[in-house]
Amino acid sequence: DAGVTQSPTHLIKTRGQHVTLRCSPISGHKSVSWYQQVLGQGPQFIFQYYEKEERGRGNFPDRFSARQFPNYSSELNVNALLLGDSALYLCASSSEAGTSGNTIYFGEGSWLTVV
Amino acid sequence: AQSVTQLDSQVPVFEEAPVELRCNYSSSVSVYLFWYVQYPNQGLQLLLKYLSGSTLVKGINGFEAEFNKSQTSFHLRKPSVHISDTAEYFCAVSELTGFQKLVFGTGTRLLVSP
């Protein structure tokens, strides 16, 4: 079975532009989460979606938004890009909404460089 | 709120030697504990997790970790490392209830040399 797949794998954007990152969860998984990993740091939680509803939001500005589609795939959108948005964006999926006894699987990420 | 501290940013070790990667956490509520590994240019892979029960948890690739509630620690150990264990290791916690959110430490780079 395919794991969590993300696209694109690498992209370069200019300050002020907008970016859309896409994620397909493992088949059967209804929960998708997004994390930002800045170089040299641990991943930081951005959003969790479960059954197309936002379940949780991290401490990120309103420039960051996301949505989940009926097939449980997800998009992360970032508006008005700043240099500090340069990072690896990780998508994770799981079968349940909470964390109890539930393994969270990560994709390989999308590398975003803002110039 | 929770926080995770990984004091060692980098741990060099020779092949076949034992290794311990340290993790301490802070939380006002009970948490689940995780160790993830990130190989170069890859995503995160779960090594092991502590939910409840025995404080010694065994994971994949010969790794194990011990939960110590009084010291709020969850150190990762391996008795004999291989070159292929060279990677970044992240400790993480999550609350027992609510939405699914992992709080990660800053990571420890394990460098295994021959």
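Heads up: the structure comes first, above all this text.
An account of the accompanying structure is given in this report. Predicted, not measured: the structure shown is a model, and the values here were computed from it.

Parameters at a glance
- Residues numbered from 1 in each chain as written.
- Chains lettered and ligands numbered in written order.
- Predicted model: local features only at pLDDT ≥ 70, side-chain atom pairs only at ≥ 80, totals over all residues.
- Heavy atoms only, no water.
- 1 Å grid on protein atoms, 1.4 Å probe; cavity = no way out; pocket = protein on both sides within 12 Å on 5 of 7 lines; lining within 4 Å.
- Points joined across faces, edges and corners; volume = space filled by probe spheres on them.
- Helix = DSSP H or I, 4+ residues; strand = E, 2+ residues; numbered from the N terminus.
- Nonpolar A, V, L, I, M, F, W, Y, C, P; charged D, E, K, R; others polar.
- Buried < 20%, exposed > 50% of the residue type's maximum accessible area, 1.4 Å probe, protein only.
- Contact = heavy atoms within 4.5 Å.
- Disulfide = S-S within 2.5 Å.
- Pairing = 2+ DSSP bridges.
- Axes fitted to C-alpha atoms, helices over the stretch in contact; angles between N-to-C directions.
- Buried area = accessible area lost by both parts, 1.4 Å probe.
- Salt bridge = Lys/Arg side-chain N within 4 Å of Asp/Glu carboxyl O.
- Polar contact = N/O pair within 3.5 Å; in protein donor to acceptor, adjacent residues only side chain to side chain.
- Core = buried A, V, L, I, M, F, W, Y, C linked by side-chain atoms within 4.5 Å.

**Some points on the layout of surface pockets**
Okay, step 1: Here the largest pocket is characterised by a volume of approximately 370 Å³.
Okay, step 2: Forming the walls of the largest pocket are 21 residues, and the residues nearest its centre are Gln-37 and Leu-39 of chain A together with Gln-38, Glu-88 and Arg-109 of chain B.
Okay, step 3: In terms of residue count, strand 10 (residues 87-95) of chain B provides more of the lining of the largest pocket than any other element does, three residues in total.
Okay, step 4: A class-by-class count of the residues in the lining of the largest pocket yields eight nonpolar, 10 polar and three charged.

**Comments concerning the side chain of Gln-38 of chain B**
Okay, step 1: When you line up the elements, Gln-38 of chain B lands in strand 5 (residues 31-38).
Okay, step 2: Taking relative accessible area as the criterion, Gln-38 of chain B reaches 10% and is therefore assigned buried.
Okay, step 3: With sequence-adjacent residues up to four places away left out, Gln-38 of chain B is seen in contact with Gln-37 and Leu-88 of chain A together with Gly-43, Leu-44, Ala-87, Glu-88 and Phe-90 of chain B.

**Some thoughts on the state of the cysteines**
All names here are of chain A.
Okay, step 1: In total, this model carries two disulfides over all chains according to the counting rule given.
Okay, step 2: Shown here is the disulfide that connects Cys-23 with Cys-91, its sulfur atoms set 1.8 Å apart. Judged by the sign of its S-S torsion, about -70 degrees, the bond between Cys-23 and Cys-91 is left-handed. Of the two residues, Cys-23 is situated in strand 3 (residues 19-24) and Cys-91 in strand 9 (residues 87-94); the sequence distance between them amounts to 68 residues.

**Some thoughts on the sheet that holds strand 1 (residues 5-7) of chain A**
Residue and element names in this part refer to chain A.
Okay, step 1: Taken in spatial order, the four strands of this open sheet run 1-3-8-7, and their pairing is antiparallel. The open sheet has two edge strands, strand 1 and strand 7 (64-68), and neither has a second partner. The mean angle between the axes of side-by-side strands here comes to 15 degrees, regardless of whether they run parallel or antiparallel.
Okay, step 2: Pairing of strand 1 with strand 3, which is carried by three bridges, proceeds in the antiparallel orientation. Paired with Ser-7 across the bridge in strand 3 is Arg-22.

**Thoughts on the interface of chain B and chain A**
Okay, step 1: Taken together, the contact between chain B and chain A spans 21 residues of the former and 28 residues of the latter.
Okay, step 2: Around 1900 Å² of area is buried between chain B and chain A when both sides are counted, 54% of it from carbon and sulfur atoms.
Okay, step 3: Of all residues in chain B, Leu-44, Phe-99 and Gln-100 of chain B give up the largest surface area on contact with chain A, accounting jointly for 35% of the area buried on that side.
Okay, step 4: For the interface between chain B and chain A, the tally reads zero salt bridges.
Okay, step 5: For the pair chain B and chain A, the number of links is seven residue pairs in polar contact (both at pLDDT 80 or more).
Okay, step 6: For the side of chain B that touches chain A, the class distribution of residues is nine nonpolar, nine polar and three charged.

**Examining the nonpolar core**
Okay, step 1: Among the nonpolar cores identified, the biggest contains 29 residues, and Trp-35, Leu-48, Leu-76 and Tyr-89 of chain B are the most heavily contacted of them.
Okay, step 2: Among the elements of the structure, strand 2 (10-14), strand 3 (19-21), strand 5, strand 6 (44-50), strand 8 (64-68), strand 9 (73-78), strand 10 and strand 12 (108-113) of chain B are those that each provide at least two residues to this core.
Okay, step 3: Residues contacting Leu-48 of chain B, with those up to four places away along its chain left out, are Leu-33, Phe-34, Trp-35, Val-57, Lys-58, Gly-59, Phe-63, Glu-64, Ala-65, Phe-74 and Leu-76 of chain B.
Okay, step 4: By size, the runner-up hydrophobic cluster in this structure holds 22 residues, among which are Val-4, Phe-60, Tyr-89 and Val-114 of chain A.

**A look at the pattern of salt bridges**
Okay, step 1: On inspection of all chains with the given rule, the structure shows 13 salt bridges over all chains.
Okay, step 2: Taken together, the salt bridges that share partners define one network made up of Glu-20, Lys-58, Glu-64, Glu-66 and Arg-77 of chain B.

**Brief notes about the environment of Cys-91 of chain B**
Residue and element names in this part refer to chain B.
Okay, step 1: Among the structural elements, Cys-91 can be located in strand 10.
Okay, step 2: Considering only alpha carbons, one finds Cys-91 and Val-29, 62 residues apart in sequence, at a separation of 17 Å.
Okay, step 3: Those residues within four positions of Cys-91 in sequence are excluded, and the remaining contacts are Val-4, Gln-6, Cys-23, Phe-34, Trp-35, Val-103, Phe-104 and Gly-105.

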